[in-house]
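# Chain and residue survey
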Amino acid sequence: MTPYRLKIHKHVKKFLLSLSPEWRNRFYDKLEILRQNPRDSKQLDIKPMQGAGDQLYRLRIGQYRLIYQIVDQELVIFLMTAGSRGDVYK
């Protein structure tokens, strides 16, 4: 299976750069797994967002959450927002 490409919103880039190197590496490792199977990986804590149908997903990485959208026709995962659990759902 061809891995998906990642498109990262500027807010997500800024968030990743603000993390400590340990957390940043943890995110990058999870994103590499996500590229292979963005919907149902046994190694990741992925759930579809309620009320968004098959559009938005949430990836849990420790205390942080990453919200993303999958565009199957283009094999792209658009990373929309990331942050702590309390902030990302607002």
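Once a new chain begins, its residue numbering starts again from 1 and follows that chain's sequence as written. Whole-chain, interface and lining totals are the exception, using all residues; otherwise, since this is a predicted model, local features are given only for residues with pLDDT of at least 70 and side-chain atom pairs are given and counted only at 80 or more. With hydrogens and water excluded, all non-hydrogen atoms of the structure serve as input to the side-chain values.

Attention now moves to the pattern of salt bridges. Should a side-chain nitrogen of Lys or Arg be within 4 Å of a carboxyl oxygen of Asp or Glu, the pair is scored as a salt bridge. A complete count under the given rule lists five salt bridges for this structure. In this structure, R35 engages E32 in a salt bridge whose closest nitrogen and oxygen atoms are separated by 3.0 Å. Placement of both R35 and E32 in helix α2 (residues 21-36) is noted, with a separation of three residues, approximately one turn of the helix. In this structure, the salt-bridge partner of D45 is R60, at a minimum N-O distance of 3.3 Å. With D45 in strand β2 (residues 45-48) and R60 in strand β3 (residues 56-61), this residue pair connects regions lying 15 residues apart in the sequence. Accessible area is worked out with a 1.4 Å probe on protein chains only. A residue is then buried under 20% of its type maximum, exposed over 50%, and partly exposed in between. With relative accessibility at 26%, the residue D45 sits in the partly exposed group. What counts as a helix is a DSSP run of H or I of at least four residues, what counts as a strand is a run of E of at least two, and both are numbered from the N terminus.

Right, let's talk about the packing of aromatic side chains for a bit. Pairing of aromatic side chains requires ring centres within 6.5 Å, counting the rings of Phe and Tyr and the six-membered ring of Trp. Pairs whose planes differ by under 30 degrees are stacked, by over 60 edge-to-face, and all others tilted. Taken as a whole and judged by the stated rule, the model has five aromatic pairs. Taking 5.4 Å as the distance between ring centres and 70 degrees as the angle between the ring planes, the aromatic pair formed by F15 and Y64 counts as edge-to-face. Taken together, the residues F15 in helix α1 (residues 10-18) and Y64 in strand β4 (residues 64-71) connect sequence positions 49 residues apart. The pair F15 / Y64 is uniform in exposure class, with both members buried.

Moving on to the packing of α1 against α2. Structural elements are reduced to axes, namely lines fitted to C-alpha atoms, with helices fitted over the stretch in contact, and the angle between N-to-C directions of any two is expressed from 0 to 180 degrees. Two elements in contact, α1 and α2, have axes whose closest approach is 8 Å; the angle formed by their N-to-C orientations is 135 degrees. The angle between α1 and α2 falls in the class oblique. Of the residues in α2, those touching α1 at F15, L16 and L17 are R24, F27 and Y28. Of the residues assigned to the contact of α1 with α2, the class counts are five nonpolar, no polar and one charged. Angles below 35 degrees are treated as roughly parallel, those above 145 as roughly antiparallel, those between 65 and 115 as roughly perpendicular, and all remaining angles as oblique. Note on contacts: a residue pair qualifies if any of its non-hydrogen atoms lie within 4.5 Å across the two residues. Residues are grouped as follows: Ala, Val, Leu, Ile, Met, Phe, Trp, Tyr, Cys and Pro are nonpolar; Asp, Glu, Lys and Arg are charged; all remaining types, including Gly, are polar.

This paragraph deals with α2. Expected helix span is taken as 1.5 Å per residue step, with the number of steps being one fewer than the number of residues. Its 16 residues give α2 an end-to-end C-alpha distance of 23 Å, which sits within 8% of 22 Å, the value for a rise of 1.5 Å per residue. F27, L31 and L34 are the residues of α2 that are buried. The buried residues of α2 occupy one face: seen down the axis, they fall within an arc of 55 degrees. Residues E22 and D29 are exposed on α2 and point more than 90 degrees away from its buried face. Working note: the arc is built from the helix axis to C-beta atom directions.

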